[in-house]
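A structural walkthrough
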Amino acid sequence: MTLAAVAAAAVMTLSACAGAATGTSESNGKPQAGGDITIARSADVVSLLPTAVGDNPSIWTQELLYEPLLKPKPDGSGVQPWLAKSYTVSKDLKTWTLKLQQGVKFSDGSTMTSKDVKWSLERASQKDAQYESYNEPISAIAIPDDSTVVITLKQAWAPFAATLALFSNAIIPANYGGKSADQFNKRPVGTGPFTLGSWVKGQYIKLLKNKHYWQKGKPYLNSVTFTTVNDATTRLTQVKSGEIDVDEAPAYSSMAAIKSAGGDLKVGDWKSGHTDYLTMNNTYGPLKDVHVRRAISYAIDRKAIVSNVLYGYGEAATSYMPTNIWSHIDAGEKYDMAKAKKELAQSGKYAKGFSVELLTESGNDDHKAVAQIIQASLKKLNIDVTIKTTDPTTIEDTESSGEFQMGFVYRTPDVIDPDQFIRYSDGRRTSHALYSNYMNTALSPMYENGAAQASKADREKIYAQIQKIATNDAFVATLYYSPSTAILSSKVHGYSTGSVGEYSMADTWIEH
Amino acid sequence: MSSANISANEIPAAEASAHARGHRVRGNTELIAGSILLVLVILVLAFGQFINHFDYATQNLPEAFSPMSATHPLGTDNLGRDIWQRLVYGGRVDLLIASLAVVFPFVLGVILGAISGFFGGWVDMILMRLADIASAFPFYILIISLVFVLGAGAQSIVIAITFVSWVAYARLVRSETLVLTSQEFVTALRTEGFTTSYIITRHVIPNVLSQSAIYAMSDIVMNIGVIVTLSYFGLGITPPTPDWGQMMSDGQQFFAVGQYGMTLAPGIAAVIVSLALSWFGDGIAKLLKTSN
Amino acid sequence: MFGTKTASRASKSMFDAWNEDMPILQVKSLSIDDAEGNRIVNDVSFDVQSQEAHALVGESGSGKSLTLKAIIRLLDGDLHISQGSILFKGVDVLTLSEAQMGCVRGKGIAMVFQEPAVALNPVLKVGRQISDAYQEHAHVDKREAWRKAISLLKDVGIPEPERKASYYPFQFSGGMRQRVMIAASLSLSPALILCDEPTTALDVTIQAQILKLFASMRDQLHASMLYVTHDLAVARELCTSATVMNKGSIVEEGDIRQIFGAPKHPYTQRLVASMPDIAAEKHDIDAAQLDYPILKIDNIDLTYRGLHKGEDFQALKDVTLRVVPGHVTALVGESGSGKSTIAKAIMGIEPITSGTMELDRKELVMERDLHERAKVQMVFQDLYSSLDLLYTARSTLTEVLRLHFGTTLSKQQIQKCCEELMDEVQLPRKFLDESPRYMSGGQRQRLVIARALCTQPKLLIADEATSALDVTIQAEIIALFKKLAQERHIGILFIAHDLAVVKDLSDWVYVIQHGRIVESGLTGQVFSQPQEEYTRQLISSIPGIEYTNRYPVGPEKQHATVPAVSVQ
């Protein structure tokens with residue numbers, strides 16, 4: 001593989017838009033039972049208690065140990081029955097009746113009943129649970145028999161199905177099976193395809209096949225080990241040498257090279273709803289002016305960023321809603337230098353240009369590249385951007401305290417419903433509209449309204465309105481949507497990630 | 001009177017001195033090689049930008065990673081910027097900061113060291129305890145912490161390095177001063193009625209400078225390393241201003257796809273400059289040694 | 001008193017061909033080159049007869065010390081012997097292997113170095129240093145060797161040798177250390193003893209004792225000696241024949257009385273003429289002059305405060321002193337006598353604890369302004385540190401002139417002053433733009449004197465100003481001091497330990513011991529009729545003093561002045 005060939009390959013993939021892959025898992029031939037798989041990730045699991053986490057590694061790992069009543073459909077269009085084999089909703093969207101699967105056992109051998117369901121949901125609704133706000137609409141949970149659960153809501157709430165599919169609402173044994181929370185964290189029990197084997201903090205966590213798994217024949221794998229390797233280059237080296245089977249989150253530049261190289265490795269990308277924003281502090285100086293914000297948004301060449309920094313693994317954003325969950329429309333965000341200049345000219349005292357600071361994460365090469373591209377673009381409007389770096393663990397704290405002017409922020413969806421993301425323009429929420437402090441009171445009733453509609457079409461109409469208004473106000477500039485990526489050994493089959501990041505690990509198998 | 005050494009009192013007549021001085025430079029390979037290399041480096045950094053018409057910040061995204069060619073002598077980086085221009089500009093930035101970051105510790109250290117050695121007593125004790133405190137901290141940790149607190153950028157780097165490295169100069173100068181003040185001409189100056197500040201500035205400091213000057217050369221080399229390290233951690237120069245450390249760390253991830261230019265160019269340049277400065281410093285040391 | 005010679009078996013076999021009628025040492029055409037090929041010692045040949053004390057005389061740079069080191073094969077690494085042979089008892093030591101040479105050293109040839117502090121190992125007891133070599137070569141056990149060490153220490157005159165054998169070198173004074181070194185060299189009863197200026201670092205009286213010790217070694221031990229020295233008088237005292245070297249070559253050799261009485265070579269003549277003239281005529285200082293001294297010191301005490309009570313050291317006790325303008329007044333004492341302390345007191349470097357000092361009829365205090373400072377200046381001893389090498393002669397002089405006369409003199413006048421000063425100290429004007437780095441010792445000393453004269457002082461203090469100089473240069477500087485005292489009509493206080501110089505140079509002398517003035521008076525009188533025992537002791541320790549009145553006067557000696565000075 002000559003330098004020239006690789007360079008050529010890299011250049012070619014810049015223009016191609018390779019990010020349109022759907023979440024199909026390839027299956028060459030029949031799945032083999034047995035085998036072990038090692039996956040390298042950049043961060044370790046924080047906790048195995050569903051109520052205690054908000055970070056992706058913990059969430060995605062827990063999803064292999066515990067399961068919810070309903071599960072997201074892989075294509076992102078809605079939910080499918082899971083531990084609940086069926087459900088009905090009252091016309092007023094207030095009463096939800098679910099029938100449980102029969103004969104589902106926990107990994108310790110005990111049978112799952114409606115008692116466990118009630119306890120788990122109530123536990124997840126307590127004030128100290130990280131995602132308890134999603135369960136806020138719940139008024140009461142009744143369990144008429146072992147396999148029936150009736151949930152009554154305070155108001156009409158269409159997204160409730162998606163809420164039941166949340167990882168935090170996974171079903172675990174009532175009362176932690178008699179143990180304390182700490183003990184449960186060390187020896188968790190769930191209905192998922194895997195159980196905890198061993199966990200060395202900071203190094204690796206090993207999950208073993210759940211012999212009692214209620215889906216017969218699955219999972220294929222005997223074990224899944226997640227190792228923690230912070231450095232992307234190290235992960236790449238490891239997957240190249242065969243030391244690991246999957247490199248989760250490789251650098252985009254290496255994706256293109258591996259793809260053209262072929263051989264023992266292959267690349268995979270799946271739509272993920274991961275959205276990157278340039279957030280602007282709407283209360284700061286020039287950024288108070290909507291013309292300035294619009295100008296900045298128009299001045300960013302999103303397509304160029306996707307091809308140069310993401311090597312084509314992404315889509316230029318057109319709205320602050322991602323494309324992998326229904327309700328996304330083209331709300332008008334795009335690259336148009338002429339429009340940018342026109343907008344800035346209307347801003348009065350800022351028309352001649354001004355200086356502004358852009359906050360990025362230190363050590364984040366993508367941030368650095370994107371920041372410099374934006375810096376060069378805005379220079380054409382006489383806007384002088386100073387790039388500041390800060391520690392990745394504190395960047396969101398800095399942004400949330402309002403001590404910034406412009407900064408990068410990203411979000412990934414946790415629920416398979418547009419309700420989560422649409423509220424990112426709602427200034428009343430804790431993150432104050434992606435830290436922008438944007439507040440448009442006209443929008444306030446629209447969010448509740450959208451959640452209260454029974455028909456999907458009605459909801460879409462409302463959400464489209466919200467996107468148009470928020471985008472017109474340019475409260476942030478959405479940059480791009482990027483897929484979830486991986487470099488994997490060609491021996492691995494059936495590996496994929498879904499719309500809210502969940503692994504298809506039960507269907508994954510490895511040639512051995 | 002000690003005549004154990006052959007050259008004690010056997011001092012050449014004044015006529016021979018000029019010849020002797022010239023001879024010392026001629027045989028001094030490090031000085032010659034170092035000076036030549038240093039002059040070359042300075043010329044390149046001063047005028048290298050005129051080779052082509054690009055500047056260090058202009059991006060050309062479609063032309064990213066283009067190979068070495070007539071238009072781009074070292075190719076382009078990941079954002080399509082000309083690597084040669086960034087190398088030249090970055091070199092200027094780095095060397096300037098590295099040199100500035102030597103000047104302040106030098107001046108501060110020499111003055112404090114001379115005062116410390118000349119006066120002795122509690123002045124000496126206090127200054128040396130200060131020096132001990134400053135040098136008790138691990139060098140890089142202190143620098144990184146200071147820059148973190150002061151914010152990234154050239155100014156903070158210079159301040160941080162000054163705060164930490166004045167100690168070496170002070171100690172060097174102090175010990176030389178101690179030796180010097182035992183010389184009889186210092187007693188003579190005192191009895192002739194010269195003021196202490198005159199003695200220190202006109203006689204002590206000029207005599208103790210040579211060692212520090214040599215050390216300063218190697219200090220510049222070390223400072224380049226410090227700036228490179230700081231930039232690697234994002235604490236140094238802010239983009240789009242290029243700097244060799246950042247160029248190297250930016251280019252690191254592209255090794256996997258066979259793109260080495262971004263990292264190799266500044267890496268090799270840093271080695272060349274360090275070599276030039278080291279040789280030059282060694283050469284000066286040799287020169288001063290033979291003349292004494 | 002000394003043991004008999006015992007030659008070991010090894011040397012016996014090598015030297016069988018030799019007998020005592022043959023010269024014990026024959027140096028033939030020896031040449032030594034340095035690393036760059038420059039010839040340092042050129043074609044040197046001389047013999048040392050058996051049981052003879054032979055002097056190797058020369059000034060610095062003559063190559064005498066190197067010749068000595070070559071004999072015992074201890075030359076520095078970058079010097080090598082390019083030609084010649086050195087026959088010890090008929091065997092060319094240059095052809096011996098290192099192992100064989102090791103046998104010769106200590107047993108055949110022993111060396112006494114100049115700086116015993118350097119040559120002795122500071123961390124070993126002296127008894128051990130002596131006994132180690134003895135034990136090694138004589139094949140005896142430790143106890144026997146220790147006993148030998150004690151007996152040797154007794155032989156060299158160290159009191160309480162049993163106790164002192166367990167002392168470390170730092171516990172001895174300079175003279176005692178040199179005796180230890182001599183004892184070490186004698187431990188194997190060597191046939192030939194090489195001495196490299198062993199008394200140069202010692203006080204006069206101590207030097208006299210060591211010379212007596214050497215004399216007894218020569219007489220009773222029947223050892224042959226090759227004695228390197230720059231001091232002709234010492235050579236005269238100890239040796240019967242001499243070889244004179246200058247700039248690496250031999251200029252003259254022969255019987256020592258002949259060299260003294262009728263030197264043939266011009267260099268030897270100059271050397272002999274340069275020796276301090278102990279028989280010089282002295283000027284009188286009458287009572288009238290004594291009433292108007294430029295410096296008047298009355299009953300001063302100077303005590304150095306120690307860290308703790310009881311550690312106070314009284315350096316000066318009740319010292320009274322006068323310096324009269326137009327004459328050189330000498331202050332003579334050995335090390336530790338306090339003579340340098342007086343200089344510090346006068347210069348205001350150290351405060352006195354009681355008594356008064358007056359300069360030019362004004363009281364001398366610690367706080368002085370420029371005008372007062374200008375009146376008394378000092379000429380130092382250490383040629384290497386008395387000038388800032390970064391300054392040219394012109395800048396050195398100008399800086400002082402500008403400090404004191406910057407407001408009253410113009411730039412041109414100051415430059416003119418510089419030139420005049422150079423002329424006065426007899427330095428060529430072209431040296432003004434040279435750094436002292438490139439000047440010889442004598443030239444530097446002249447520059448130091450010129451600098452001291454910048455402020456037009458009324459009193460000049462010279463603290464051992466000639467001790468570091470070669471004999472010929474010393475003679476010139478002595479003449480310069482005499483001239484300055486007379487022509488400028490200033491007072492010169494000359495502090496020294498070398499009595500010969502003092503006799504030559506001064507008209508009035510003070511003798512100081514342990515911080516007290518022991519005796520004082522006109523130089524001529526004090527020397528011919530010393531009143532105090534200590535003074536007598538000092539005078540008798542001048543090497544060659546007994547020959548004073550019997551010096552044959554050579555052609556140059558008939559003049560009262562020193563021959564024309566040639567700058568070197």
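Residues numbered from 1 in each chain as written. Chains lettered and ligands numbered in written order. Predicted model: local features only at pLDDT ≥ 70, side-chain atom pairs only at ≥ 80, totals over all residues. Heavy atoms only, no water.

A count of helical and extended segments in chain A gives 16 helices and 19 strands. For chain A, the proportion of its 512 residues judged to be buried stands at 58%. Accessible surface for chain A amounts to roughly 20200 Å². Of this, 51% is attributable to carbon and sulfur atoms. (Helix = DSSP H or I, 4+ residues; strand = E, 2+ residues; numbered from the N terminus. Buried < 20%, exposed > 50% of the residue type's maximum accessible area, 1.4 Å probe, protein only. Areas by Shrake-Rupley, 256 points an atom, 1.4 Å probe, with all protein chains shown as cover.)

Another point: the sheet that holds strand 14 (residues 354–359) of chain C. Two modes of strand pairing occur in sheets, parallel and antiparallel, and in both the strands are linked by backbone hydrogen bonds. With antiparallel pairing, four strands are arranged side by side in an open sheet as 12-11-14-15 (chain C). Looking at strand neighbours, the two that pair on one side only are strand 12 (313–323) and strand 15 (362–363) of chain C, the edges of this open sheet. (Pairing = 2+ DSSP bridges.)

Pairing of side chains with opposite charge becomes possible as their charged atoms draw close. Following the criterion strictly, the structure yields 49 salt bridges over all chains and no others. Salt-bridge contacts for A:Lys461 lead to A:Asp458; the nearest nitrogen and oxygen are separated by 3.9 Å. Of this pair, A:Lys461 and A:Asp458 both sit in helix 16 (residues 456–472), three residues apart, which is roughly one turn of that helix. On the accessibility criterion, A:Asp458 (32% relative accessible area) is partly exposed. For C:Glu476, the salt bridge identified is with C:Arg446, shortest N-O distance 2.8 Å. Remark: C:Arg446 occurs in helix 18 (residues 441–453) and C:Glu476 occurs in helix 19 (residues 471–488); sequence separation between them is 30 residues. Given the relative accessible area of 2%, C:Arg446 is considered buried. (Salt bridge = Lys/Arg side-chain N within 4 Å of Asp/Glu carboxyl O.)

This brings us to a nonpolar patch on the surface. A contiguous nonpolar surface patch, about 410 Å² in accessible area, is contributed by B:Leu100, B:Val103, B:Phe104, B:Val107 and B:Ile111. Considering the arrangement of structural elements, one finds B:Leu100 in helix 3 (residues 83–119). (Patch = residues over 30% accessible without salt bridge, like charges linked within 9 Å, V, L, I, M, F, W, Y side chains within 5 Å.)

The subject of this paragraph is the sheet that holds strand 1 (residues 25–33) of chain C. Residue and element names in this part refer to chain C. Spatially, 2-1-4-5 is the arrangement adopted by the four strands of the open sheet, whose pairing is antiparallel. Strand pairing shows two members of the sheet lacking a second neighbour, strand 2 (39–48) and strand 5 (91–92), which therefore form its edges. In this structure, strand 1 lies alongside strand 2, joined through six bridges in antiparallel fashion. Across the sheet, residue Asp33 finds its bridge partner in strand 2, namely Arg39. Together, strand 1, strand 2 and strand 4 (80–88) form the strand contacts of helix 2 (residues 64–71), whose direction differs from that of strand 1 by roughly 115 degrees. (Contact = heavy atoms within 4.5 Å. Axes fitted to C-alpha atoms, helices over the stretch in contact; angles between N-to-C directions.)

Further remarks concern the packing of helix 4 (residues 121–136) of chain B against helix 6 (residues 154–181) of chain B. Residue and element names in this part refer to chain B. Direction vectors running N to C along helix 4 and helix 6 enclose 135 degrees, while the axes themselves pass 9 Å from each other. Between helix 4 and helix 6, the crossing angle belongs to the class labelled oblique. The way helix 4 lies across helix 6 gives a crossing that is left-handed. Where helix 4 approaches helix 6, its residues Asp124, Leu127, Met128, Leu130, Ala131, Asp132, Ala134 and Ser135 are matched on the opposing element by Phe163, Trp166, Val167, Arg171 and Arg174. (Parallel < 35°, antiparallel > 145°, perpendicular 65-115°, else oblique. Left-handed = near helix turned anticlockwise from the far one by under 90°.)

Following the criterion strictly, the structure yields 31 aromatic pairs over all chains and no others. Here the aromatic rings of A:Tyr213 and A:Trp214 are separated by 6.1 Å at their centres, their planes lie at 55 degrees, and the arrangement is tilted. Note on accessibility: A:Tyr213 and A:Trp214 belong to one class, buried. Arranged with centres 5.5 Å apart and planes meeting at 80 degrees, the rings of C:Phe481 and C:Phe494 form a pair that is edge-to-face. Of this pair, C:Phe481 sits in helix 19 while C:Phe494 sits in strand 18 (residues 491–496); the two residues are 13 residues apart in sequence, bridging distant segments of the chain. Both residues of the pair, C:Phe481 and C:Phe494, count as buried. In this structure an aromatic cluster arises from ring pairing among A:Trp60, A:Phe226, A:Trp270, A:Tyr495 and A:Tyr503. Its end group placed over the ring of A:Trp82, A:Lys71 keeps NZ or CZ at 4.4 Å from the ring centre. Lying over the aromatic face of A:Tyr424, A:Arg411 brings its terminal NZ or CZ to 5.8 Å of the ring centre. (Phe/Tyr/Trp six-rings, centres within 6.5 Å; stacked < 30°, edge-to-face > 60°. Lys NZ or Arg CZ within 6 Å of the ring centre and 35° of its normal.)

All names here are of chain A. Mean pLDDT over chain A stands at 88; residues scoring 70 or higher make up 95%. The least confident element of chain A is helix 1 (residues 3–15), whose mean pLDDT is 42; the most confident is helix 8 (residues 290–298), at 95. Here residues 1–27 is a poorly scored stretch, pLDDT under 50, and it has 38 contacts once near neighbours within four places are set aside; other chains count. (pLDDT = per-residue confidence, 0-100.)

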